[in-house]
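Tertiary structure, described
Below are the chains, spelled out letter by letter.
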Amino acid sequence: MECHAVIVAGFGFRTSATVESLREALSLTGGSPDALATAEDKARQPVFQALAKELNLPVIAVDSAALVAQEVTTQSQAALAARGTGSVAEAAALAALKHPAQVLCARQISNDRQATCALAEGDRT
């Protein structure tokens, strides 16, 4: 199976986040992703689906075991308590790619503090 390098934008967000929150967090990374990733339960949220539709990008739902297995550079105590990882955004971006993947942009936080986004690059089959 052929692999090619892609950039994935990983997201963490609160239930009160808006599409604008997600869009802003992504814009702070300065990247142009090939796909969006987040925790499995969050991937089905209308706000996340709306952003994916707006950007015409596929959604990658990451299970909790894959999130926890990732080594992330930033540490949020809230994310650690809720999800077992210091950054859902970084962990989702990394977990969506084949190992080894690298973080291109560490977690960025929207001004309203409702969403985070990180970019990772690696191979995806």
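Position labels on residues start from 1 in each chain and follow its written sequence. Thresholds applied to this predicted model are a pLDDT of at least 70 for local features of residues and 80 or more for the giving and counting of side-chain atom pairs; totals over whole chains, interfaces and linings are not thresholded and use all residues. Hydrogen atoms and water are omitted, and side-chain values are computed over all heavy atoms in the structure.

Considering the side chain of Ser76
The numbering of helices and of strands both runs from the N terminus, where a helix is a DSSP run of H or I of at least 4 residues and a strand a run of E of at least 2. Relative to the assigned elements, Ser76 resides in the loop between α4 (64-68) and α5 (77-83). According to the relative accessible area criterion, Ser76 is buried, its value standing at 17%. Here, two residues are considered to be in contact whenever any of their heavy atoms come within 4.5 Å of each other. With sequence-adjacent residues up to four places away left out, Ser76 is seen in contact with Thr85, Gly86 and Arg107. Only protein chains enter the calculation, and the probe is 1.4 Å; a residue is then buried if its accessible area is under 20% of its type maximum, exposed if over 50%, and partly exposed in between.

Focus: unusual backbone geometry
Generally, phi is negative for residues other than glycine and the peptide bonds are trans, each holding for most cases. Following His99, the chain continues to Pro100 via a peptide bond in cis, the omega torsion being 0 degrees. Tracing the backbone shows Pro100 in the loop between α6 (88-95) and β4 (102-109). We note that Asn56 has phi near 55 degrees; this positive angle belongs to a residue other than glycine. Counting through the fold element by element, Asn56 comes out in the loop between α3 (46-55) and β3 (59-62).

What about the confidence of the model for the protein?
Known as pLDDT, the predictor's confidence for each residue is given on a scale from 0 to 100. Confidence along the protein averages 92 in pLDDT terms, with 97% of residues attaining 70 or more. Per-element confidence in the protein ranges from a low mean pLDDT of 85 for α5 to a high of 98 for α3.

Thoughts on the environment of Val8
Within the secondary structure layout, Val8 lies in strand β1 (residues 4-13). Residue Val8 is classed as buried on the basis of its relative accessible area, which comes to 0%. Sequence separation between Val8 and Leu119 is 111 residues, and the spatial gap between their C-alpha atoms is 5.7 Å. Not counting residues within four places of it along the chain, the set of residues in contact with Val8 comprises Pro33, Ala35, Leu36, Ala37, Ile60, Ala93, Ala96, Leu97, Ala118, Leu119 and Ala120.

Quick notes on the pattern of salt bridges
One side-chain nitrogen of Lys or Arg within 4 Å of one carboxyl oxygen of Asp or Glu is enough to make a salt bridge. The full count for this structure, using the stated rule, is 2 salt bridges. Measuring nitrogen to oxygen at the nearest pair gives 2.8 Å for the salt bridge that ties Glu54 to Arg23. One end of the pair, Glu54, is in helix α3; the other, Arg23, is in helix α1 (residues 19-29), and 31 residues separate them in sequence. What makes Glu54 partly exposed here is its relative accessible area of 42%. With its nearest N and O atoms 2.8 Å apart, the salt bridge here joins Asp41 to Arg83. Highlighted residues: Asp41 in helix α2 (residues 40-43) and Arg83 in helix α5, separated in sequence by 42 residues. Judged by its relative accessible area of 33%, Asp41 falls in the partly exposed class. With a relative accessible area of 25%, Arg83 lands in the partly exposed category.

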